[in-house]
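One-letter residues, chain by chain:
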Amino acid sequence: MTRIDLRSDTVTLPSPAMRAAMAAAPVGDDQYGEDPSVNALQERIAALLGKEAALFVPSGTMANQIGLQLLTRPGDEVVVGAEAHITWHEAGASAFNAGVQFAVAGQSGLFTAEDFEAAFKPDGHVVFPPTTLVCIENTHNRGGGVVFPQADVAAICAAAQRRGGHAYLDGARLFNAAVASGLDLATLAAPFDVVSVALSKGLGCPAGSVLAGRRADMLRAVRARRRFGGAMRQSGILAAAGLYALDQGFGHLASDHANARLIAGRIAQTGAAIDLATVQTNIVIFRLPASLPEAATVVARAAERGVLVSAFAPRTVRATTHLDVSAAACARAADILAEAIAAG
Ligand SMILES: *Cc1c(COP(=O)(O)O)cnc(C)c1O
């Protein structure tokens, strides 16, 4: 039985050509700033994002945690969208490392400048935690891979900066947002002080994220990365995978998005609740009403037939398309999922 793994876009395996690029990469000790592949990747991503400098880090979680440490002080409040990765998927790191608390704005991950203003708390107040940062996730994972509308991004970041705060972009899937919106990466990143993008999601690399922003912030980020234990040595082996992926371009993500729509369309016929308007990229999230089996049952039934998806909540399932699943595999997976949902 061939396995069709839709649990995450992180499950991709590096292709033979990517491995060859990694094996051939020129490397050096990155702690001395001497790894040519890391340096090339950082320069390339900084240019793509329109930022002064960039820093290669081992994971998206570390990128987010460094971003928080750069832009907040302990006791500050950070405004985020509902169910943000930084609050739900980082093992409490934000409280543990940066000592910040969160205020949630809006619904389903998206929010507006008005929502931000409603959550904002001024500095210097005797009881309020000061809002010093707004964090936007684009695309928004738990919001179903939805692209954050850029007009709202611009208005929110401007409001935060007008009030003396900063703006951070969790752009683990910013490449998906660029392909889906037709906007380039620099445009998507422009309103933010600091931005992160992941290599290990849609681009299909084995590891790594890149943080980007002002040169002075990235110099501070080097020390924060060291404190987190994320300073590596001949990490050009990993950076080379990113350079290889960027050389291929990321237009292939359009196929992932089409495959997600294909799965979503099939799921919509089953009685599961799915908002097709949110299926803009490579993530399909659907909810199972009481008349249908629970998520764990659907996940187990699909797994018996070789289709792996994630239970996101007791009645919520996520399927994610990626480089290693074809349109034909997604069509087959959609049928198997539909049958898993339908069978009483
Ligand atoms: C995956 C992801 C991250 C973190 O990535 P890791 O490399 O797994 O630590 C951060 N933000 C979002 C939105 C993600 O989907």
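This structure is a prediction, so every number in the text was calculated from the model and none was measured.

Caption draft 1: Structural view of a nonpolar patch on the surface. Together, Val-126, Val-127 and Phe-128 make up an exposed nonpolar region whose accessible area comes to about 340 Å². When you line up the elements, Phe-128 lands in the loop between helix H6 (113-119) and strand S5 (131-137).

Caption draft 2: Broad picture of the nonpolar core. Within the largest apolar cluster, 51 residues are counted, with the highest numbers of intra-cluster contacts made by Leu-41, Leu-49, Phe-111, Phe-116, Ile-136 and Leu-174. Ranked by residue count, the leading element in this core is helix H11 (residues 236-248), at six residues. Excluding residues that lie within four positions of it along the chain, Phe-111 makes contacts with Val-79, Val-80, Gly-81, Ala-105, Gly-106, Phe-116, Val-134, Cys-135, Ile-136, Phe-148, Asp-152 and Ile-156. With 30 residues, the next largest nonpolar core counts Leu-288, Val-309, Ala-319 and Val-325 among its residues.

Caption draft 3: Representation of the pattern of salt bridges. Tallied over the full model, the rule gives 17 salt bridges. Ionic pairing is found between Arg-44 and Asp-247, a salt bridge with its closest N-O pair at 2.8 Å. In this pair, Arg-44 is assigned in helix H2 (residues 36-49) and Asp-247 in helix H11, connecting sequence segments 203 residues apart. Among the residues examined, Asp-247 registers a relative accessible area of 54% and is labelled exposed. Among the salt bridges present, the one from Arg-214 reaches Asp-217, with a minimum N-O distance of 3.5 Å. Residue class for Arg-214 comes out partly exposed when judged on its relative accessible area of 40%.

Caption draft 4: View of the packing of aromatic side chains. For the structure on display, the rule yields three aromatic pairs. Judged by centre distance (5.8 Å) and plane angle (55 degrees), the ring pair of Phe-116 and Phe-120 falls under tilted. On the accessibility criterion, Phe-116 (1% relative accessible area) is buried. Ring centres of Phe-175 and Phe-250 lie 4.9 Å apart, and the angle between their planes is 65 degrees; this geometry places the pair in the edge-to-face category. Highlighted residues: Phe-175 in helix H8 (residues 174-181) and Phe-250 in the loop between H11 and helix H12 (253-268), separated in sequence by 75 residues. For the pair Phe-175 and Phe-250, a shared accessibility class is recorded, and that class is buried.

Cut-offs and rules
- Residues numbered from 1 in each chain as written.
- Predicted model: local features only at pLDDT ≥ 70, side-chain atom pairs only at ≥ 80, totals over all residues.
- Heavy atoms only, no water.
- Patch = residues over 30% accessible without salt bridge, like charges linked within 9 Å, V, L, I, M, F, W, Y side chains within 5 Å.
- Areas by Shrake-Rupley, 256 points an atom, 1.4 Å probe, with all protein chains shown as cover.
- Salt bridge = Lys/Arg side-chain N within 4 Å of Asp/Glu carboxyl O.
- Helix = DSSP H or I, 4+ residues; strand = E, 2+ residues; numbered from the N terminus.
- Core = buried A, V, L, I, M, F, W, Y, C linked by side-chain atoms within 4.5 Å.
- Buried < 20%, exposed > 50% of the residue type's maximum accessible area, 1.4 Å probe, protein only.
- Contact = heavy atoms within 4.5 Å.
- Phe/Tyr/Trp six-rings, centres within 6.5 Å; stacked < 30°, edge-to-face > 60°.

That's the geometry; what it means functionally is another story.
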